[in-house]
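A look at the structure
These are the residues of each chain, in order.
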Amino acid sequence: MDPSATGTYEYPDRRAMVGRRDFLGRRDYVPGGGTSEPPGDLTEFGHDTAPVMTDLGHLLGRTARAHATHLSDELFLLGLTAPQSHLLVDIARHDGVSQTALAQRHGTDASTITGMARRLEEKELIARPRDLLDARCILINATPSGTTAAASATKAIARTTRRATDGLTPDESAQLVTLLARVAENLENTRRTRRLRP
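Summary of the structure given here. As a convention, each chain's residues are numbered from 1 in the sequence order in which they are written. For a predicted model such as this one, the threshold for reporting local features is a pLDDT of at least 70, and the threshold for listing and counting side-chain atom pairs is 80 or more; totals across whole chains, interfaces and linings nevertheless cover every residue. As a rule here, side-chain values cover all heavy atoms of the structure and leave hydrogens and water aside.

1. A short note on the pattern of salt bridges
By definition, a salt bridge exists where a carboxyl oxygen of Asp or Glu is found within 4 Å of a side-chain nitrogen of Lys or Arg. Evaluation of the coordinates by the stated rule reveals three salt bridges. For Arg-159, the salt bridge identified is with Glu-74, shortest N-O distance 2.8 Å. Taken as a pair, Arg-159 in helix H6 (residues 144–164) and Glu-74 in helix H2 (residues 56–75) lie far apart in primary sequence, 85 residues in all. Owing to a relative accessible area of 26%, Glu-74 belongs among the partly exposed residues under this scheme. Close ionic contact of Asp-90 with Arg-105 constitutes a salt bridge, the shortest N to O distance being 3.0 Å. Of this pair, Asp-90 sits in helix H3 (residues 82–93) while Arg-105 sits in helix H4 (residues 99–105), and the two are 15 residues apart along the sequence. Burial status follows relative accessibility: with a 1.4 Å probe on protein chains alone, a residue under 20% of its type maximum counts as buried, one over 50% as exposed, and anything between as partly exposed. Judged by relative accessible area, which is 10%, Asp-90 ranks as buried. A run of DSSP states H or I qualifies as a helix once it reaches four residues; a run of E qualifies as a strand once it reaches two. Both are numbered from the N-terminal end.

Structure representation (structure tokens):
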């Protein structure tokens, strides 16, 4: 297939390729058992797309992994994961919030929030009483120890943010947050639209 016609590069023969794992754990095929590094310039194949190191998806994944690693190190003594810390901070700031509202704010499904909330409850950081007016609705509150842990987690998140935005001006940092939120919204809306298609 002529790569210039499709805008994508395809290795000529997958049968002659050695299977390896890429940085996401997916199968990465290498022609003839050679290097797993992608070509630095694909223009020789009729492909003028930027190299993978400047690809948006690669950079987002790389940034997310580095951020999660740094924040996990900060949270180690608290015994919290990065997602748990963000959820706990949110709960501490919005006492009596519902699991449905948390799922919407964190861009995930209710079952994921339920699992994380259960683990926080086991650590006695939150309580999940049912709404007196609607027994089907579970409202989440931070316990006194949860409020203390949320304060420590907030400081850890702030330190990670300062490290991540080192060298950026306040305006650049704000613009970065705005652009990333827009990218996330675009992708989430696309996924939601596909689910709604008959």
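2. Focus: a nonpolar patch on the surface
Judged by side-chain polarity, Leu-168, Leu-176 and Leu-180 come together as a nonpolar surface patch covering roughly 230 Å² of accessible area. Relative to the helices and strands, Leu-176 is located in helix H7 (residues 170–196). Given a relative accessible area of 37%, Leu-176 falls into the partly exposed group. Every patch collects residues that have over 30% relative accessible area and no salt bridge, joining them within 9 Å if they carry like charges and within 5 Å if they are nonpolar side chains (Val, Leu, Ile, Met, Phe, Trp, Tyr). Note on areas: these come from Shrake-Rupley sampling with a 1.4 Å probe, and a residue is covered only by the protein chains present in the view.

3. What to know about the sheet that holds strand S3 (residues 97–98)
Pairing is antiparallel in the open sheet, where three strands are placed in the order S3-S5-S4. Only two strands of the sheet have a single partner each, and these edge strands are S3 and strand S4 (126–127). Relative to strand S5 (residues 139–142), S3 runs antiparallel, the two sharing two bridges. Each bridged residue has a counterpart across the sheet, and for Val-97 the counterpart in S5 is Ile-140. Throughout, a residue-residue contact means that at least one pair of heavy atoms, one from each residue, lies within 4.5 Å. Lines fitted to C-alpha atoms define the axes here, with helix axes fitted over just the stretch in contact, and angles between the N-to-C directions of these axes take values from 0 to 180 degrees. Across the face of the sheet, H3 comes into contact with S3, S4 and S5 while running at roughly 95 degrees to S5. Only strands that DSSP links by at least two bridges are regarded as paired with each other.

4. Some thoughts on the packing of H3 against H6
Two numbers describe how H3 lies on H6: the axes approach to 9 Å, and their chain directions differ by 120 degrees. Of the possible angle classes, the one that applies to H3 and H6 is oblique. Where H3 crosses over H6, the handedness of that crossing is left-handed. For the pair formed by H3 and H6, the contact residues are Ser-85, His-86, Leu-88, Val-89, Ala-92 and Arg-93 on the first element and Gly-146, Ala-149, Ala-150, Ala-153, Thr-154 and Ile-157 on the second. Residues are grouped as follows: Ala, Val, Leu, Ile, Met, Phe, Trp, Tyr, Cys and Pro are nonpolar; Asp, Glu, Lys and Arg are charged; every other residue, Gly included, is polar. Its residues assigned to classes, the contact of H3 with H6 comprises seven nonpolar, four polar and one charged. Should an angle lie under 35 degrees it is considered roughly parallel, over 145 roughly antiparallel, and from 65 to 115 roughly perpendicular; all remaining angles are considered oblique. With the far helix as reference, a near helix turned anticlockwise by less than a right angle produces a left-handed crossing, and one turned clockwise produces a right-handed crossing.

Read these as layout, nothing more, since geometry by itself doesn't imply function.
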